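# Coordinate inspection notes
Take a look at the letters that make up each chain.
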Amino acid sequence: MSDRYDHLGVEALLKSVNTYITNPAHILLIEKALLYATEKHEGQVRKSGEPYINHLIQVALILSTLKVGPKTITAGLLHDVLEDCGVPREEMVKAFDEEVTTLVESVTKIGNIEFKDEKEYLAVNHRKIFIAMAKDIRVILIKLVDRLHNMRTLKYMSPEKQKKIASETLEVYAPIAHRLGISEIKNELEDLSFFYLYPDKYYEVAQMVELRKIERDKQVETMIHDISEVLTQQNIQFRIFGRSKHLYSIYKKMTTKSKRFEEILDLNAIRIVTKNELNCYEILGHIHANYRPIPGRLKDYIAMPKMNMYQSLHTTIVGPEGSIFEVQIRTEMMDDIAEKGVAAHWRYKEGVKRSQPQEQKEIEDKLGWFKDLGMLTDESESAGEYMDILTHDVFEANVYVMSPKGRVIDLPNGSTPLDFAYRIHTEIGHSTVGAIVNNTMVPLNTVLKTGDVVQIKTSKQSNGPSEDWLKIVKTSHARSKIKGFLQHKELEDRAEFITKGHQMFIDELKRRDLDEKEYVNSKRLDSVLSHFAVSNDNDFYYALAVKSLSLAAVMEKLTTKRSILDGFNLEKLFKQPAKRSISKSGIRVAGVDSMMISLAGCCSPVPGDEIVGFISKGQGVKVHRKDCPNIKNEAKRLIDVIWDETVTEGKYDVKLFITATDRSFLVSDLVTVLSQCKAGMNSINSSVLDDKITAITNVTVVVNDAEHLKVVIANLRKVPNVLSVERSIK
């Protein structure tokens, strides 16, 4: 074991977990994970040169300060084993269990993500984080702590890498920590990101804070003494201390609210922690009786908690010498939640039961919003839309309104009653006909304010949302639901028109004494579709119903139909007659003798693909895949062809288009996989795009048939860093 192994870190970790984990078996599990991770990561080092295991020890130590369960700490120690050490999943399940392995697997999937500049690529990968969080909150706790320690050691990275990681941390991870109420981690992530992104501003704010530190500390100490005397006389149990505001929050207030440093009122901050809620309000009353409160600065987050479960009383008062103080008053449990957020109440999941069953249910209810993150992924049109919903509706939510029953709903600025309705339930949104805000009927485009009580009027006879609603709603969630409804309604309307058009066609056939079976769903109808450039039967019937296609013109074409081969001299196209035509490519043309046949180079069909023949002038029949876009508008020149079943072996070229994030030995790994799959290779060309990140590889592989090709593509997609593998079409 390396001399640089973090012995002090191990001692601190075991000391920390022993303060709240009392089951010896759980301690043994953590020790086993520590030894397992040490063995698997032996010889691996970080950018700093220290053993990699030190990072894992620090991750576990930080997790223990959040007092998470033993399996969470175990997964924290093991979270890079699957990714970096090549340990098979089955081995980890056997060494530990399915629950720990699933946690590690989930964190590994997130950890493999490299966030790039491309907006859509970022959205796709960030979405994975939120889906993982929705399934198991412990996954994101491990990832947040992993990111925190990486930020603490970011100095060993290149300046470019520092800014990239810091930017991602500030935009994604810090908001997650805030939404989960873990202010300890959120504040440190923000300050570290601030340091690497804007070092000049960081030092400027830090210097201003330091210049006033001695004066401020003295003022806070005096105020703490005075308030303590007041509360002691009232026989109230409490503890009181000063707190410092982190630098990024000061900078943000200075920039977003255009305030000078001297104008930020809560630089002098005091926190009072007491026994119960009643004591909180008692203390507030005594403070206001002895010090002048500043109007408009009282916030009661106990009666109306924030959506991350934060509770506290905030008031701003003027001290004896005119100094301004922000005072926070809360219970011990509220203080625990304020610092550790969701982690403070997830402990009972692994047996550390600190809450009563009723309290646990209330916690689950309050955290119901994060379960929605997983549901959104099935309903969103794209990863970009999903990220819009998360970014605007969740992270920017700062307006708190209530239902008549007291349910608090958080919404972004500018939200309307329609946004509120869709947040309650999709069907309530769809059936909304009116809104009552603070007992007054208001228009649906009314902008809501914090504290508003909103009641939605619904009707079963409602026709649902209209396109005008898209101009009213503010939240991406509501906009997504409305768009979905309108698209579904359009499909339903289309289905009605298709039915109507089909019936019109049948009625016209009967009126003309034509046999329905001869014309409906037959080859005779296919030629009509081709003539009028209609892609399928449904489009044909829809066009008839909406009058974009004349029924009379259709009937005229149908009853005077000519062969799709009219105009072509088949004798000149086809070579010497034979009883059955088989090309070198193993293709047969049903009912026609030998002819010139070749596979189209644009779509490279292989046995097993659905194919069609294209009659070319002077080159015989070119065989294309049926989905080839190059023959989409050539219906009149197509002919049926089939693969010859008697041809048992063949070699077929297929062009593949591979997108990946660039790394060393990428092409080598791709070639190795092709060899393992027993696929040949005629050419390969790989290049990196201007973003210096995305690698594009074009490769021509040689396969036996479609099944062989399927196996090749599936295995290429498993190569690390590969994003997609597609058959290319010229």
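Residues numbered from 1 in each chain as written. Predicted model: local features only at pLDDT ≥ 70, side-chain atom pairs only at ≥ 80, totals over all residues. Heavy atoms only, no water.

To continue, consider the overall build of the chain. Of the regular secondary structure elements, the chain holds 30 helices and 21 strands. The proportion of buried residues among the 730 residues of the chain is 49%. Counting contacts in the chain only where the partners sit at least 6 residues apart, residues at least 24 apart contribute 65% of the total. For the chain, the exposed surface amounts to about 37,400 Å²; the carbon and sulfur share of it is 50%. (Helix = DSSP H or I, 4+ residues; strand = E, 2+ residues; numbered from the N terminus. Buried < 20%, exposed > 50% of the residue type's maximum accessible area, 1.4 Å probe, protein only. Contact = heavy atoms within 4.5 Å. Areas by Shrake-Rupley, 256 points an atom, 1.4 Å probe, with all protein chains shown as cover.)

Moving on: the sheet that holds strand β11 (residues 454-458). Reading across the sheet, the 3 strands line up as β10-β9-β11 and stay open at both edges, with antiparallel pairing between neighbours. Only two strands of the sheet have a single neighbouring strand rather than two, namely β10 (440-442) and β11. Going across the sheet, the axis of each strand differs from the next one's by a mean of 35°, ignoring polarity. Examined bridge by bridge, strand β9 (residues 432-437) and β11 share 5 bridges and lie antiparallel to one another. Bridge pairing links G434 to K457 in β11. (Pairing = 2+ DSSP bridges. Axes fitted to C-alpha atoms, helices over the stretch in contact; angles between N-to-C directions.)

Turning our attention to the state of the cysteines. Within this structure, the stated rule accounts for 0 disulfides. A disulfide-free cysteine, C603 has its sulfur positioned 3.9 Å from the sulfur of C628, the nearest such atom. Taking relative accessible area as the criterion, C603 reaches 1% and is therefore assigned buried. (Disulfide = S-S within 2.5 Å.)

As enumerated under the stated definition, the model contains 17 aromatic pairs in all. Aromatic side chains F195 and Y202 sit 5.1 Å apart centroid to centroid with 80° between the ring planes, which places their arrangement in the edge-to-face category. For F195, a relative accessible area of 25% puts it in the partly exposed group. A ring pair is formed by F195 and Y203, whose centres lie 5.8 Å apart and whose planes are at 80°; its orientation type is edge-to-face. Through a chain of ring-to-ring contacts, three or more aromatic side chains come together here, namely F194, F195, Y196, Y198, Y202, Y203, Y248 and Y251. Above the ring of F96, the side-chain terminus of K32 is found at 5.0 Å from the ring centroid. (Phe/Tyr/Trp six-rings, centres within 6.5 Å; stacked < 30°, edge-to-face > 60°. Lys NZ or Arg CZ within 6 Å of the ring centre and 35° of its normal.)

If you trace the 4 strands from one edge of the open sheet to the other, you get β19-β20-β18-β21, paired in antiparallel fashion. The sheet terminates laterally at β19 (680-688) and β21 (722-727), the two strands that pair on one side only. In this sheet, neighbouring strand axes are inclined to one another by 15° on average, regardless of whether the strands run parallel or antiparallel. Of the strands in this sheet, β18 (652-661), β19, β20 (694-703) and β21 are in contact with helix α29 (residues 666-676), which crosses β19 at around 160°.

Relative to the helices and strands, E634 resides in the loop between β15 (621-625) and β16 (638-639). Here E634 falls in the partly exposed class, since its relative accessible area comes to 29%. Put simply, E634 and A533 are 101 residues apart on the chain and 9.6 Å apart in space, counted from C-alpha to C-alpha.

This part takes up the confidence of the model for the chain. Any region with low pLDDT has predicted coordinates that should not be read closely. For the chain, per-residue confidence averages 80 on the pLDDT scale, and 81% of positions sit at 70 or higher. Confidence drops under a pLDDT of 50 for residues 110-118, and excluding neighbours within four residues, the segment shows 27 contacts in the predicted structure. The model gives residues 561-581 a pLDDT under 50, and that stretch makes 37 contacts with residues more than four places away or in other chains. (pLDDT = per-residue confidence, 0-100.)

Structurally, the position occupied by T700 is in strand β20. Discounting chain neighbours no more than four positions away, the residues touching T700 are D653, V654, K655, G680, M681, N682 and S683.

In terms of burial, helix α20 (residues 417-424) is a largely internal element, 7 of the 8 residues being buried. For α20, every residue scored as buried is listed here: P417, L418, D419, F420, A421, Y422 and R423.

This part covers the environment of I631. For I631, the location among the structural elements is in the loop between β15 and β16. Given the relative accessible area of 5%, I631 is considered buried. Put simply, I631 and F614 are 17 residues apart on the chain and 7.7 Å apart in space, counted from C-alpha to C-alpha. Excluding residues that lie within four positions of it along the chain, I631 makes contacts with V612, F614, H624, R625 and L638.

Attention now moves to a nonpolar patch on the surface. On the surface, a nonpolar cluster with roughly 250 Å² of combined accessible area is contributed by V667, V671, M681 and I684. The set of elements that each furnish at least two residues to the nonpolar patch consists of α29 and β19. Mapped onto the elements, V671 comes out in helix α29. For V671, a relative accessible area of 31% gives the class partly exposed. (Patch = residues over 30% accessible without salt bridge, like charges linked within 9 Å, V, L, I, M, F, W, Y side chains within 5 Å. Salt bridge = Lys/Arg side-chain N within 4 Å of Asp/Glu carboxyl O.)

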